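A look at the structure
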Amino acid sequence: MTIRGCSGVVTETEAYQPDDPASHSFPGPTKRNAAMFGPAGHAYVYRSYGIHWCLNVTCGHGHGVLLCAGEPLEGLALMASRRGTSAPRLIETGPGRLAQALGVTDADYGRPFSAPDFFIDEGPPAKILTGPRIGITKAADWPRRYGLKGSRHLSRRFPSSV
DNA sequence: ATATCGATGCTCT
DNA sequence: GAGCATCGATATT
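What comes next is a walk through the structure. (Residues numbered from 1 in each chain as written. Chains lettered and ligands numbered in written order. Predicted model: local features only at pLDDT ≥ 70, side-chain atom pairs only at ≥ 80, totals over all residues. Heavy atoms only, no water.)

The next thing to look at is the protein's contact with DNA strand C. For DNA strand C, the set of nearby residues contains 20 residues, the closest of which are His52, Asn56, Arg97, Gly135 and Ile136. When the atoms of DNA strand C within 4 Å of the protein are sorted by group, sugar and phosphate make up 64%. The backbone of Pro95 places a nitrogen or oxygen atom 3.2 Å from a phosphate oxygen of DNA strand C. In this structure, a phosphate oxygen belonging to DNA strand C sits 2.5 Å away from a side-chain N or O atom of Arg97. Of all the elements in the fold, those that place two or more residues in the surface near DNA strand C are strand 3 (43-48), strand 4 (52-60) and helix 2 (95-102). For the surface near DNA strand C, the per-class residue count stands at 10 nonpolar, eight polar and two charged. (Near = heavy atom within 4 Å. Polar contact = N/O pair within 3.5 Å; in protein donor to acceptor, adjacent residues only side chain to side chain. Helix = DSSP H or I, 4+ residues; strand = E, 2+ residues; numbered from the N terminus. Nonpolar A, V, L, I, M, F, W, Y, C, P; charged D, E, K, R; others polar.)

Moving on to the protein's contact with DNA strand B. The full set of residues close to DNA strand B is Thr30, Lys31, Arg32, Arg47, Tyr49, Gly50 and Ile51. For DNA strand B, the fraction of protein-proximal atoms (within 4 Å) that sit in sugar or phosphate groups is 59%. In the environment of DNA strand B, a sugar or linking oxygen lies 3.1 Å from a nitrogen or oxygen atom belonging to the side chain of Arg32. Separating a sugar or linking oxygen of DNA strand B from a backbone N or O atom of Gly50 is a distance of 3.5 Å. Counted by class, the surface near DNA strand B contains two nonpolar, two polar and three charged residues.

Moving on to the pattern of salt bridges. Inspection of the entire model under this criterion finds five salt bridges. Where Asp108 meets Arg4, a salt bridge forms, and the shortest distance between an N and an O atom there is 3.0 Å. With Asp108 in the loop between helix 2 and strand 6 (118-119) and Arg4 in the loop between strand 1 (2-3) and strand 2 (6-16), this residue pair connects regions lying 104 residues apart in the sequence. Relative accessible area serves as the criterion here: at 32%, Arg4 is assigned to the partly exposed category. A cluster of three or more residues bridged by salt bridges with shared partners is formed by Arg4, Asp108, Arg111 and Asp117. (Salt bridge = Lys/Arg side-chain N within 4 Å of Asp/Glu carboxyl O. Buried < 20%, exposed > 50% of the residue type's maximum accessible area, 1.4 Å probe, protein only.)

So, on to the nonpolar core. One finds Ile3, Leu55, Leu102, Val104 and Phe113 to be the most contacted residues of the largest nonpolar core, which totals 19 residues. Sorting the residues of this core by element identifies strand 3, strand 4, helix 1 (76-83) and helix 2 as the ones contributing at least two each. The leading source of residues in this core is helix 2, at four residues. If near-sequence neighbours (up to four positions away) are discounted, Ile3 is found in contact with Leu102, Val104, Phe113, Asp117 and Phe118. Listed in part, the nine residues of the second largest apolar core include Ala35, Met36, Tyr44 and Tyr46. (Core = buried A, V, L, I, M, F, W, Y, C linked by side-chain atoms within 4.5 Å. Contact = heavy atoms within 4.5 Å.)

Mapped onto the elements of the fold, Pro39 is located in the loop between strand 2 and strand 3. Look at Pro39 and you get exposed, because its relative accessible area is 52%. Taking the C-alpha atoms as reference points, Pro39 and Pro112, 73 residues apart in sequence, are found 8.8 Å from one another.

Purely geometric stuff here, so don't read any function into it on its own.
Structure follows, in structure tokens:
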């Protein structure tokens, strides 16, 4: 993951699909979720609780993946200053925190992840943990939260994570 | 250590 | 006008 000079490893995601009651795409295409029904591989950004920005990767046809946490690598100082903390653990652990650290706002809405300074690439094979989702009121128990096994940079621990 | 609670603005009913 | 895919601070074990 590289966003305007800041890079890191995506350590945690959540998946949403159109038949998921918790998904923003559930009610069908609207003005806000338009990007989710657009082409895959683009940014879907929304404001959460009137305060935070959250960043998703569109997968086409109303599907999307929320970036929940990451491990910051390059651009650490910039991300720390944007977050107002120097604790590496607290820079990108959480959807709102991650977007804030990367400087992502609605200005990036609909932007394709295909530019040299704005992309997400595939890392080496990794063990992935699965568990119920966090912070939602509907269908929270759907096992669509995915985390990098052994990473300290997760928004929360996974249940019975070995 | 966990639990609760307020802030804040936008979307959809 | 309600509800929300959050965070951080404060209160309580």
